[in-house]
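# Structural overview
These are the residues of each chain, in order.
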Amino acid sequence: MRKSVASIVMFLGALGHAQSIFTVAGIPYTHRNDVDSQPALSAQLGAVYGLLIDKITGRLIFNDELLVLRLEPDGTLLALAGAGPIFNFRAQYPGSGTPGSTLASTLNVEVLRGMTQDAAEALYLSDADAGCVYRVAPDGTVTTFAGGGTRAPGLESDGGPATAARLPSPRGLVFDSKGNLDI
């Protein structure tokens with residue numbers, strides 16, 4: 001029944017307004033403020049790409065493409081990192097794709113795909129489109145941990161600073177038993 005109703009709405013919309021677009025399902029993604037401190041069950045999220053349990057609080061942390069969020073005990077979400085799609089930090093501050101140091105709330109990731117946490121409780125986020133891995137310290141400051149450079153992967157970048165390497169589409173992140181971050 002629902003498919004036929006949606007089809008009818010789309011068909012009638014096409015007849016009446018051939019040049020218009022109508023959303024018949026889904027909620028458009030909005031700015032960080034529309035998610036932060038909102039009830040988790042009604043939050044307007046994009047696709048979820050990563051999950052982990054916060055070592056500090058024991059709460060669920062997850063990320064969509066643009067934000068890192070934590071589920072609070074009262075059922076609301078707390079935005080830990082990411083500016084969301086409206087505030088474009090990179091456009092306002094050229095070169096901020098590889099910040100020397102910025103706040104987690106102003107970090108504008110492009111395609112967040114990986115997330116992990118180290119023993120010191122810092123978060124590491126991989127931005128597949130920007131080719132960077134960011135470190136978010138417990139105090140909320142963000143630095144580029146790896147990527148953003150021009151040296152090609154392999155022989156050209158092996159043994160050099162991690163920020164001098166070019167990382168094509170970093171995604172999964174995990175710490176090994178010795179505390180090394182594997183990308």
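As a starting point, this report considers the structure included with it. This is a predicted model, so every value here is computed, not measured. (Residues numbered from 1 in each chain as written. Predicted model: local features only at pLDDT ≥ 70, side-chain atom pairs only at ≥ 80, totals over all residues. Heavy atoms only, no water.)

The next point concerns the overall build of the protein. The helix and strand tally for the protein stands at two helices and eleven strands. For the protein, the N- to C-terminal ordering of α and β elements is α-β-β-β-β-α-β-β-β-β-β-β-β. Across the 183 residues in the protein, those meeting the buried criterion constitute 39%. A fraction of 41% describes how many contacts in the protein between residues 6 or more apart in sequence connect residues 24 or more apart. Total accessible area on the protein stands at roughly 10400 Å², and carbon and sulfur atoms take up 57% of it. (Helix = DSSP H or I, 4+ residues; strand = E, 2+ residues; numbered from the N terminus. Buried < 20%, exposed > 50% of the residue type's maximum accessible area, 1.4 Å probe, protein only. Contact = heavy atoms within 4.5 Å. Areas by Shrake-Rupley, 256 points an atom, 1.4 Å probe, with all protein chains shown as cover.)

Our next topic: the packing of aromatic side chains. Under the criterion given, the structure shown has two aromatic pairs. Judged by centre distance (5.1 Å) and plane angle (85°), the rings of Tyr-124 and Phe-145 are edge-to-face. One end of the pair, Tyr-124, is in strand β7 (residues 123-127); the other, Phe-145, is in strand β9 (residues 141-147), with 21 residues separating them in the sequence. Of the residues examined, Tyr-124 reaches a relative accessible area of 4% and is grouped as buried. Seen from their ring centres, Tyr-124 and Phe-175 are 5.2 Å apart, and the 75° between their planes marks the pair as edge-to-face. Of the two residues, Tyr-124 sits in strand β7 while Phe-175 sits in strand β10 (residues 174-175), which places them 51 residues apart along the sequence. Taking relative accessible area as the criterion, Phe-175 reaches 21% and is therefore assigned partly exposed. (Phe/Tyr/Trp six-rings, centres within 6.5 Å; stacked < 30°, edge-to-face > 60°.)

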